[in-house]
Every structure is written in C-alpha cells, then in structure tokens.
Amino acid sequence: MQQDSILWQRFKEGDRVAFESLIRTYYQPLFEYGRKFTSDRDALKDHVHDLFTNLWERREALGQTDCIRPYLLKSLRNRIYKEKQRSDVFEEADQHDSTQFGFEEDEETRIISNELSDEKKLQIKHILSTLTRRQQEIIHLKFYQNLSNDQIAELLVISRPAVANLLYQTLKLFREKWQVLLYTFFSVLLFD
Amino acid sequence: MKDYHNYTLEDFLLDDQFRAWIAGQDHAGDEIWNEIAIHYPEKVALMYQAREIILSLIASNSGLSAPELENEVNRIMQTTGKKEIVAKSRPLFPIKWFSAAASVIIFTAIGWKITSDINQPQSVKAYSQYVSRIDEPLLEIVNETNVSKQVKLPDGSVVKLTPSSRISYAETFVRNHKREVYLTGEAFFDVEKDVKNPFFVYANGLLTRVVGTSFLIRAIDADVEVLVRSGRVTVVPIRDIAHQEKKNTELLLTPNQQALFSAKDNLISKSIVETPVEITKPESEPDFVFDNRPIGEVFSILEKAYGIPIIYDEAVMRHCFLRVALSNESFFSKLDIVCKTVGASYQVRDGQIIISGEGCE
C-alpha cells in the first residue's frame, strides 16, 4: 500500500499524471460496484465523473490515505444513496431487499440456466441473483474489491464480527444453493 | 503447515492467501497450495470448486468497454483541466513550472486522444501505472502531431516518437546510475553510449536495457515489440526482474533481431526483423561476389554483414563451394540464393538462421 500513499500524495500536490492514473486504476472497480445499486449506466457514469471532479477540486483539503479503494467506494456509495434519498422511487426500492438490483439475471442467463447448461459461470451468476442485495454487496466487496473485513465494516457501518458473520452465512447459503443446483443437474442426467 | 483437515468450501473462499493465489497475485502460492493438495487429497475437489467460484466472482461483469472507459477518463480530465488553468495562475517556483507545462501538454493530448488511442488501453494503463510510482518530478512528451517527432533527451540520446505515443522521464535524467524512460506507443531510440549509466525503457510489462545502440520499441496494444538496429539490447519481463537468479528470462538481442513480448502471457519470443539491414560492409569483400568460395566463408560474411548468427554443420557442408554474385538483394533473398545453389534450406529460430543440407559431393 506504499504505492497508494505515494500516488495519493502526488495527486494531492496537483499532479495530473497521478490523477489520471488514479482514475484509470479505480474507474472500473467503482463502476462495477455502482452497478450493484443502479442499472442506469449513464447516471452511474455521471456519479463517478462527479466523484472524481469533486475529488480534484478538494484535493488540497483531503487527508492522507493509504487505502484509496475503500475510500473511493465509500464516496460513491454515499453519493448514490444521497441521490436515492432525494427520489422516493429509489428509496422504496432500497428498503426492500429487491433482487432487481445487483447481479442482474438477464434473459439469456435465465434461458441457459433453465437448460441446465454446465456453464459454471452462469450457475454462479444465477445463484448470486437469488441472494439479497446486502448479501450480493458483501460478496462483491470481499471478492471483487478484495477488501478486508475491517474495511467492509467501515464501509457498511456495521461491526467487524457482523461482517464476518454475514459473509460466512452468505457463502454457506451460496454453497447450499449450488449443491441443490448440481444435484438437479445430475438427476436430470440420470433420469432424463 | 496450518491444519486444513476441517476446511470447508467457505474457509477456502475466505482464505486471503488462497484468493490471492487464484487471482494470480501470489506467485509463490503454487508451491504452498500444491503441497496442501498433496497432504489433503480429500480437499482437492473443494479447492477446485472454490477456484471456480472465486474466478467467477472476481471477473468484471458490468460490461464497461475500453472505449467507454477512455471516454469517461477524458471527460473527467477535461472537466478538471479547464478549472486547472485558472487555479494555476499563482506564482510558482521555477521547478514547478515544468510540471505545470507538462500538465498542459497532457491535458491537450488527452482531448485529442479520444479518437486515436482508443485501441491501446492496456499499454496506456501500464504506462500510467509506472509513471505514477515515480516519486520524482517527471517530464512527459506527447506526440500530438501526425508525423513522428524527434525528442532529444538530456544525455544527448534521440527518440523519434510516432504520432500519439508518449514518453516520460525524470527531470534529473541520470539517477542511481540509470537512465530511465517510460513509453506507451512506438518510438525509435538512438541511445548515446554511456557504459556507466545504462539506459532503461519500460513499456507494458517489458524492460529493455541498453548501453549504447539504436532500436525501435512498439508498445501499442497487448504486445511489445523491440527491433534492434545496432548495438546490443537485453529485454526482460518487468515482473521477472526481482527473481532473475531463479528463472532466467532475460534475452540478448543483437542487430536485426527482434523480440516480441506478450504482456498477457509474460513471455518473450525472439526472431529476425522483417527486412534486415546491413550493419557493416565487410572490409575485404566490397560486395557479395563469391568466386568459388567455401560455403563457411560465405556464411561468415553474411553473418558479419547483418549481425545475424548462422548455424550450420561444418562437417557436412565442408565440400560446398559457391560461385555467385550477389548485390542489393535483401538478406533473405541472398540466403535463398545461397541455399538453393548448394541444395540446402534454412529455418529462422530464436533469432538465428539454422541451415540444413546434405552437403556437396
């Protein structure tokens, strides 16, 4: 994380190359994370755009950080939530653990998984889409973003043991669902 | 070794070391996890399952395309760039002027880059990562024109930068007995000889080192090509620099040889440039006129003229003599003629020519 603090320091001093590098490194992870909350790609791009431009404007006032990723993820999350609070439609969606957010299951995925294709990727995607939004988010933060439990706790504003517990329960559920799916698959093979 | 006896699928999934290994961030992991697999054969199936799940969870699935990303990066740089010019109009120290000037260059280059650089995200990404790690003021030169641009480095070396390519180097060019340049795009280097301070070029995962020479580097998309015109150059994957004693992946290139580095596989292969040029005219023979000369002599003249090693079986070819007048043909045409005359054939392998023939009676 030494590199992170050098990069951050140079960015704070107004170095445009460091700033561009920051954007290039974190744009995709931010976009991936944001897609868990909204399916409107253009609105999401605007959010990330505003996040970075705001970061540049405030760079001198920003503190030191050696963990850029959790910091940026949290900023994006707050931004999207603030926006949602302004709009009642989103607020309602947020209170339910709606599966319309997050790992969306597109038409194609559904058709293929109904045919019980052995494409593991699609199976996994399918199982994810049956989890609650909170469960999907914590899996994304742990695996895709590779955050520590402490960082996740801070981001989701829950305790560290709660993170560990939620993660473990989610993965257990995931495994159970996967085994059911595998079992169905094999039984179809045997008895079809 | 930790006790993996009671390890479940969840435990493997949540094991930081295991995840880092699957994600390819822990190269030492191969040994550790292979050993665990040997000690706990009953866990192998679980490890495979965990691997599949991890690989699928760390994959991007938002469908953000490279051109989209470029567009968004440019949009942010432009929005912030406009305000920047106003903000910078306060007194600056002379040294800061350089970085201010450099940032203006970067800004305009990016505005223009939208159309031209779209196909090179991998190389550009690697470049900005290298550059961001340097804790030192850098100068960046971007060729925004349509023609190649000549850049003179502080040590007198000359770089010809192809349109829309960029290089960066430290303001104090020689540091720790090294001259270091970072490149994305294509550039021809004519390096000033300085044995004490070797010259290093970093481009998309490949490090090229030289003492004094001229060579071309093409780091446009996923691959990097290095073509040597004169002198000697070594290339090594940047990832392997730290452990060269263990796996020696450094390759030496001589004139007219070329290296192709695949950033994806971290592998270098060596071959011969498409059209080799003569590096020295042989002194004794003004041209390539051979009047009943032994084949060994012919090969050695070609070898010297083009600097390309030619390997052949001396014992077999001992009785072959050649009567032929060659002049401006390309290297490969000359080689064709020579080989046909003595009933031999050749192959290009690892930047060398391998001759095979049955000899002459």
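Residue numbers here run from 1 along each chain, matching the order of that chain's written sequence. Each chain gets a letter, beginning with A, and each ligand a number, beginning with 1, in the order they are written. In keeping with the model being predicted, local features are shown solely for residues with a pLDDT of at least 70 and side-chain atom pairs are shown and tallied solely at 80 or more, while totals for entire chains, interfaces and linings include all residues. Excluding hydrogens and water, the side-chain values take into account all heavy atoms of the structure.

## Brief notes about the overall build of chain A
Each helix and strand in chain A was counted, giving ten helices and zero strands. Only DSSP runs of H or I reaching four residues or more are called helices, and only runs of E reaching two or more are called strands; each is numbered from the N terminus. Counting from the amino terminus, helix and strand elements in chain A follow one another as α-α-α-α-α-α-α-α-α-α. In chain A, which comprises 192 residues, the proportion classed as buried is 48%. To be clear on the numbers: accessible area is Shrake-Rupley with a 1.4 Å probe, and residue cover counts the displayed protein chains and nothing else. Accessible surface for chain A amounts to roughly 9500 Å². Of this, 49% is attributable to carbon and sulfur atoms. Here's how the labels work: a residue is buried when its accessible area is under 20% of the maximum for its type, exposed when over 50%, partly exposed in between, all with a 1.4 Å probe on protein chains only.

## Observations concerning the overall build of chain B
Looking only at helices and strands, chain B has ten helices and 18 strands in total. Expressed as a percentage of its 361 residues, the buried residues of chain B come to 46%. Two residues form a contact once any of their heavy atoms are found within 4.5 Å. Taking contacts inside chain B between residues at least 6 apart in sequence as the whole, the part at least 24 apart equals 54%. Taken as a whole, chain B presents about 18200 Å² of accessible surface, with 53% of it coming from carbon and sulfur.

## Overview of the nonpolar core
Here is a general trend for soluble globular proteins: nonpolar side chains tend to be buried in one another's company. Buried Ala, Val, Leu, Ile, Met, Phe, Trp, Tyr and Cys residues form a nonpolar core when they are joined through side-chain atoms within 4.5 Å. With 66 residues, the main nonpolar core has A:Phe11, A:Tyr27 and A:Phe52 as its most contacted residues. With nine residues, the top contributor of residues to this core is helix 2 (residues 16-34) of chain A. Leaving out residues up to four positions away in the same chain, A:Tyr27 has contacts with A:Lys45, A:Val48, A:Phe52, B:Leu64, B:Leu69, B:Glu72 and B:Ile76. In terms of nonpolar packing, the next biggest core, distinct from the first, is built from 32 residues, B:Tyr169, B:Val210, B:Phe215 and B:Leu253 among them.

## Some remarks on helix 2 of chain A
All names here are of chain A. Each helix should span, by expectation, one fewer than its residue count multiplied by 1.5 Å. The terminal C-alpha atoms of helix 2 lie 25 Å apart, and with 19 residues this matches the ideal 27 Å at 1.5 Å per residue to within 8%. The axis of helix 2 is deflected most strongly, by about 40°, at Tyr26, and proline Pro29 appears within four residues downstream. The element helix 2 is extensively covered by neighbouring structure, given that 17 of its 19 residues are classed as buried. Think of a polar contact as two N or O atoms within 3.5 Å of one another; within protein, one of them needs to be a possible hydrogen donor and the other a possible acceptor, and neighboring residues in sequence only count if both atoms come from side chains. A side-chain oxygen of the first residue of helix 2 lies 2.8 Å from the backbone nitrogen of Val17; this N-cap is Asp15. A residue's bend is given by the angle between axes fitted to the 7 residues ending at it and the 7 residues starting at it.

## So, the state of the cysteines
Residue and element names in this part refer to chain B. When two cysteine sulfur atoms are found within 2.5 Å, that pair is recorded as a disulfide. The tally for this structure, following the rule as stated, stands at one disulfide over all chains. The disulfide bridge from Cys320 ends at Cys360, spanning 1.9 Å between sulfur atoms. Taking the sign of the torsion about the S-S bond as the criterion, the disulfide between Cys320 and Cys360, at about 95°, is right-handed. Here Cys360 lies in the segment after strand 18 (352-357) and Cys320 lies in the loop between helix 9 (314-317) and strand 16 (321-326), a separation of 40 residues in the sequence. Each member of the pair, Cys320 together with Cys360, is buried.

## Observations regarding the pattern of salt bridges
Salt bridge, as used here, is a side-chain nitrogen of Lys or Arg placed within 4 Å of a carboxyl oxygen of Asp or Glu. If you walk through the whole model with that rule in mind, you get 21 salt bridges over all chains. Here A:Glu20 ties to B:Arg166 by a salt bridge, and the two come within 3.9 Å at their closest N and O atoms. Linking A:Glu20 in helix 2 with B:Arg166 in strand 4 (residues 166-175), this pair reaches from one chain into another. The pair A:Glu20 / B:Arg166 is uniform in exposure class, with both members buried. Between A:Arg24 and B:Glu70 there is a salt bridge; the shortest N-O distance is 2.7 Å. Of the two residues, A:Arg24 sits in helix 2 while B:Glu70 sits in helix 5 (residues 66-87), which places them in two different chains.

## Thoughts on empty space enclosed by the protein
The way it works is a 1 Å grid over only the protein atoms, where trapped points that fit a 1.4 Å probe form a cavity and open points with protein on both sides within 12 Å along at least five of seven lines form a pocket, and then any residue with an atom within 4 Å of a point lines it. Grid points are joined across faces, edges and corners, and a volume is the space filled by probe spheres set on the points. Under the counting rule described, the total for this entry stands at two cavities of 30 Å³ or more. Of the pockets and cavities examined, the largest cavity occupies roughly 50 Å³. Surrounding the largest cavity, A:Val17, A:Glu20, A:Arg24, B:Val124, B:Tyr127, B:Ser128, B:Glu140 and B:Arg166 form its lining. Secondary structure elements with two or more residues in the lining of the largest cavity: helix 2 of chain A together with helix 7 (121-132) of chain B.

## Digging into the sheet that holds strand 15 (residues 310-311) of chain B
Residue and element names in this part refer to chain B. Overall, mixed pairing links the three strands, which are arranged 15-18-17 in an open sheet. The open sheet terminates on both sides in strands that have one partner only, identified here as strand 15 and strand 17 (344-349). Pairing geometry for strand 15 and strand 18, over two bridges, is parallel. Within strand 18, the position partnered with Ile310 by the bridge is Ile353. Seen against the sheet, helix 10 (residues 331-341) touches strand 15, strand 17 and strand 18 and runs at an angle of roughly 145° to strand 17. A pair of strands is labelled paired if DSSP reports no fewer than 2 bridges between them. Note on geometry: axes are C-alpha line fits, over the in-contact stretch for helices, and angles between N-to-C directions span 0 to 180 degrees.

## Focus on the confidence of the model for chain A
Interpretation of this model should avoid reading the predicted coordinates in detail wherever pLDDT is low. Known as pLDDT, the predictor's per-residue confidence is scaled from 0 to 100. When the pLDDT values of chain A are averaged, the result is 79; 76% of them are 70 or greater. In this model, residues 90-118 of chain A is a region of pLDDT below 50 whose contacts with residues beyond four sequence positions or in other chains number 46 contacts.

## A closer look at the interface of chain A and chain B
The interface of chain A with chain B comprises 45 residues on the first partner and 52 residues on the second. Note on chain A versus chain B: buried area summed over both sides is about 4700 Å², and carbon and sulfur give 60% of it. For the pair chain A and chain B, the number of links is six salt bridges. Put simply, chain A and chain B have ten residue pairs in polar contact (both at pLDDT 80 or more) between them. When residues of the side of chain A that touches chain B are traced back to their parent elements, those giving at least two are helix 1 (2-12), helix 2, helix 3 (41-57), helix 7 (120-130), helix 8 (133-144) and helix 10 (160-191) of chain A. If you tally residues by element for the side of chain A that touches chain B, the top one is helix 2 of chain A, at eleven residues. Lys, Arg, Asp and Glu make up the charged group, whereas Ala, Val, Leu, Ile, Met, Phe, Trp, Tyr, Cys and Pro make up the nonpolar group; the residues left over, Gly among them, are polar. Tallied by class, residues from the side of chain A that touches chain B come to 21 nonpolar, six polar and 18 charged. For any pair of parts, buried area is found by adding up, for both, the accessible area (1.4 Å probe) each one loses once the two are put together.

## Brief notes about the pairing of strand 6 (residues 199-203) of chain B
All names here are of chain B. The buried count for strand 6 comes to five of five residues, which makes it a mostly enclosed element. Here five bridges tie strand 6 to strand 7 (residues 206-210), and the two strands are oriented antiparallel to one another. Bridging across to strand 7, Phe200 finds its partner in Arg209. As consecutive antiparallel partners, strand 6 and strand 7 are separated by two residues, and within that stretch Asn204 has a phi angle of approximately 40°, a positive value.

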